[in-house]
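# Notes for the structure review
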Amino acid sequence: MRRPIATTVALAVVLVAGAAMIGPRLAAVDAALAAERIDGAPGSTVMAASGRAAASDALVPADSTGGTATSVDDVPNDADMMFAMMMVPHHEQAVELSRLLATTPDVDGFSTSLAAFIEADQTKEIVAMNAWLDAWHGVGVMNHEPGGAMSGMATPEQIAELDALSGVAAEARFLELMIAHHRGALAMAEEAIADGRNSYIRSLAKHIAAEQEREIAAMALRLDEL
């Protein structure tokens, strides 16, 4: 049966820059973000995906030997640190869910390709956020320990349920869980954009918000089709 045009277009959007399922991020998203300016940092553009393999040198705190200078306004606040510290495990669960689907038999290529893209893309962002946290260790220290539940996270029971399913049932459950998971990431990103101060975290949050909104739209179309 031929796939509806809307879903075919959605799949193309998801995969256009994820060639071979391990390629760069969605080209349209990164192009838009690369042209965007960060509030409070005139003249600095959002870091492109290719420059996010590790924390930017421009965002590494100055050391006692006269290293890179950092604006006081760019020192992370609690919102920045909370975002990075909680988004890492949030992304790790998305990777876990994607890997589960990859080992599930009889799943449509749309969802397996999307899961492979999410796994590769969010793994890169985990590396970048961990590098940023290492760079700011001891400088952008939170006034309290991070707490509270991360929005959109699947429960152990839901993960076990997904692991036990196959075919269309597994695909539908994956899409349901991942849409909720992405919506949780959107809520976290919106908080970082509103309350954060560090330019790297604000740019990453804007990227995550734009990218995951696109993926939610594509997944919702596929779920409706099922």
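Keep in mind that what you see is a predicted model, and the values were worked out from it rather than measured.

Rules and cut-offs
Residues numbered from 1 in each chain as written. Predicted model: local features only at pLDDT ≥ 70, side-chain atom pairs only at ≥ 80, totals over all residues. Heavy atoms only, no water. Helix = DSSP H or I, 4+ residues; strand = E, 2+ residues; numbered from the N terminus. Buried < 20%, exposed > 50% of the residue type's maximum accessible area, 1.4 Å probe, protein only. Contact = heavy atoms within 4.5 Å. Areas by Shrake-Rupley, 256 points an atom, 1.4 Å probe, with all protein chains shown as cover. Axes fitted to C-alpha atoms, helices over the stretch in contact; angles between N-to-C directions. Parallel < 35°, antiparallel > 145°, perpendicular 65-115°, else oblique. Left-handed = near helix turned anticlockwise from the far one by under 90°. Nonpolar A, V, L, I, M, F, W, Y, C, P; charged D, E, K, R; others polar. Phe/Tyr/Trp six-rings, centres within 6.5 Å; stacked < 30°, edge-to-face > 60°. Core = buried A, V, L, I, M, F, W, Y, C linked by side-chain atoms within 4.5 Å. pLDDT = per-residue confidence, 0-100. Patch = residues over 30% accessible without salt bridge, like charges linked within 9 Å, V, L, I, M, F, W, Y side chains within 5 Å. Salt bridge = Lys/Arg side-chain N within 4 Å of Asp/Glu carboxyl O. Lys, Arg positive; Asp, Glu negative; His and termini not counted. Charge placed at Lys NZ, Arg CZ, Asp CG, Glu CD.

Across its full length, the chain holds seven helices and zero strands. Along the chain, helices (α) and strands (β) appear in the sequence α-α-α-α-α-α-α when read from the amino end. Across the 226 residues that make up the chain, the buried fraction comes to 46%. Partitioning the intrachain contacts of the chain with sequence separation of at least 6 by distance along the chain shows that 80% fall at a separation of at least 24. Accessible area for the chain stands at about 10,600 Å²; split by element, carbon and sulfur atoms hold 58% of it.

Here we come to the packing of helix α3 (residues 78-102) against helix α5 (residues 156-164). Put simply, α3 and α5 touch, their axes get as near as 10 Å, and they point 20 degrees apart. Classified by the interaxial angle, the pair formed by α3 and α5 is roughly parallel. Crossing geometry of α3 relative to α5 is assigned as right-handed. Listed contacts from α5 to Q93, E96, L97 and L100 of α3 are I159, L162 and D163. Of the residues in the contact of α3 with α5, the class split is four nonpolar, one polar and two charged.

Between α3 and helix α4 (residues 109-135), the shortest axis-to-axis distance is 8 Å and the interhelical angle comes to 150 degrees. By the criterion of interaxial angle, the relationship of α3 to α4 is roughly antiparallel. Crossing of α3 over α4 shows left-handed handedness. Across the contact of α3 with α4, the residue classes break down as 14 nonpolar, seven polar and five charged.

Right, let's talk about the packing of aromatic side chains for a bit. Evaluated as defined, the whole model comprises one aromatic pair. Ring centres of W132 and W136 lie 6.5 Å apart, and the angle between their planes is 50 degrees; this geometry places the pair in the tilted category. Like W136, W132 is buried.

Okay, the nonpolar core next. With 44 residues, the main nonpolar core has F83, M87, L97, W132, F174, M178 and I201 as its most contacted residues. Taken together, the elements giving at least two residues each to this core come down to α3, α4, α5, α6 (167-195) and α7 (199-225). The leading source of residues in this core is α3, at 11 residues. With residues up to four places along the chain from it excluded, the contact list for F174 reads L97, S98, L101, S111, A115 and L162.

Let us look at the confidence of the model for the chain. Looking at the chain, pLDDT values average 74 and 63% of them are 70 or higher. Scored below 50 in pLDDT, residues 1-69 shows 112 contacts in the model against residues more than four places distant or in partner chains.

Next up on the list: the environment of M81. With respect to the secondary-structure elements, M81 resides in helix α3. The exposure class of M81 is buried, given its relative accessible area of 7%. Separated by 111 residues in the primary sequence, M81 and A192 have C-alpha atoms spaced 9.2 Å apart.

What follows deals with a negative patch on the surface. A cluster of acidic residues, E190, E191, D195 and E213, forms a negative patch on the protein surface. Broken down by element, the residue count for the negative patch peaks at three residues, all from α6. Inspection of the secondary structure assignment puts E191 in helix α6. Using a relative accessible area of 53% as the deciding quantity, one classes E191 as exposed.

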